[in-house]
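The chain contents come next:
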Amino acid sequence: MKSRMKKLKRASWFLFALSLLLGVLIWGNKSLQTEQFTYTDARLPGGLDGLRMVHLSDLHGAVFGRDNAHLLSAVVEARPDVIVITGDLVDENTARPEAYAAFLGESLAEIAPTYYVTGNHEWACGMEAVETIKQSLADGGVTVLTNEFVCVERGGDTIVLAGIDDPNGYADQKSPEALATEVYAACGDPYWVLLAHRNDRFESEYSLLGADLTVSGHGHGGCIRLPLTDGLLGTQHNLFPSHTAGFYENNGARQFVSRGLGNIGMTFRVFNRPQVAVITLEGG
């Protein structure tokens, strides 16, 4: 009898520990974390000093509260001047991706001017779906940057926001180098921010374009974040990836990478809560 009671007690403790672990894991994948960052640059024009940019990436169709109410509330509380979405808003597993993009895009655009570029997973939905998603966002007031740029004025000064489609897009699409050439031809030597989904192309390619800051996603924070690492698993299934969260510098250029908000398929996050990043620009 005592032996049986001991076994039952051990089983109860095991189930309790398992339930606790599962609860923590679910919480860590559904509980938003708003994080504040400051980007200081002596080149920043005075009128842009203090500009607040909310950076969202890699939602993969995730929902935080009914109709994404928790996410929208977090963005409102961040008091953004602009909102940027750096791809993978939806993926091939998202139910009704066009409707998801339309509702969230319109809701964000009501908070602040919102800008969007595609990620690899939108293109995995099919090229026809990508065009429908882009149109849904544009109809809701989002500026879709398809290998193009816009000028944003603040305090009498201008910042250029340029955005490129993901490399998974059309084979004959404009190259990032061609877009950079257009920026300089039209604006001289502007202060400009590049929106580009792929974090892992910064060191070899995007850092050479001349942008003052490149804003990316795709890295998912390395999925499982361990002390003294940049994450355990990269999106290319490589161990201990780099450029997955926060600021990086290569070739004299700087990049900010969001940890993202959603997950791909059956993947999950550990010590890596979904992130709403708030980047404040400051002059040096």
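Residues numbered from 1 in each chain as written. Predicted model: local features only at pLDDT ≥ 70, side-chain atom pairs only at ≥ 80, totals over all residues. Heavy atoms only, no water.

1. Side note on the overall build of the protein chain
Moving on, step 1. Broken down by element type, the protein chain carries six helices and twelve strands.
Moving on, step 2. For the protein chain, the residues scored as buried account for 51% of the 284 residues in total.
Moving on, step 3. Residue pairs at least 24 apart in sequence account for 70% of intrachain contacts in the protein chain once pairs closer than 6 positions are excluded.
Moving on, step 4. Accessible area for the protein chain stands at about 13500 Å²; split by element, carbon and sulfur atoms hold 57% of it.
Moving on, step 5. For the protein chain, the distance from the average site of its 22 positive side-chain charges to the average site of its 33 negative ones is 21 Å. (Helix = DSSP H or I, 4+ residues; strand = E, 2+ residues; numbered from the N terminus. Buried < 20%, exposed > 50% of the residue type's maximum accessible area, 1.4 Å probe, protein only. Contact = heavy atoms within 4.5 Å. Areas by Shrake-Rupley, 256 points an atom, 1.4 Å probe, with all protein chains shown as cover. Lys, Arg positive; Asp, Glu negative; His and termini not counted. Charge placed at Lys NZ, Arg CZ, Asp CG, Glu CD.)

2. Points about helix H5 (residues 127-139)
Moving on, step 1. The end-to-end C-alpha distance of H5 is 18 Å, a good match for the 18 Å that 13 residues give at a rise of 1.5 Å each.
Moving on, step 2. By the burial criterion, the buried members of H5 are Ala129, Val130, Ile133, Lys134, Ser136 and Leu137. For H5, the buried positions fall inside an angular range of 160° around the axis, keeping them on one side. Turned more than 90 degrees from where H5 packs its buried face, Glu128 and Asp139 sit exposed. (Expected span 1.5 Å × (residues − 1). Arc of directions from axis to C-beta.)

3. Regarding the packing of aromatic side chains
Moving on, step 1. Inspection of the entire model under this criterion finds six aromatic pairs.
Moving on, step 2. Between Trp123 and Tyr170, the ring centres sit 5.1 Å apart and the planes meet at 80°, which makes this aromatic pair edge-to-face. One end of the pair, Trp123, is in helix H4 (residues 120-124); the other, Tyr170, is in the loop between strand S7 (157-163) and helix H6 (176-187), and 47 residues separate them in sequence.
Moving on, step 3. Its relative accessible area of 31% is what places Tyr170 among the partly exposed residues. (Phe/Tyr/Trp six-rings, centres within 6.5 Å; stacked < 30°, edge-to-face > 60°.)

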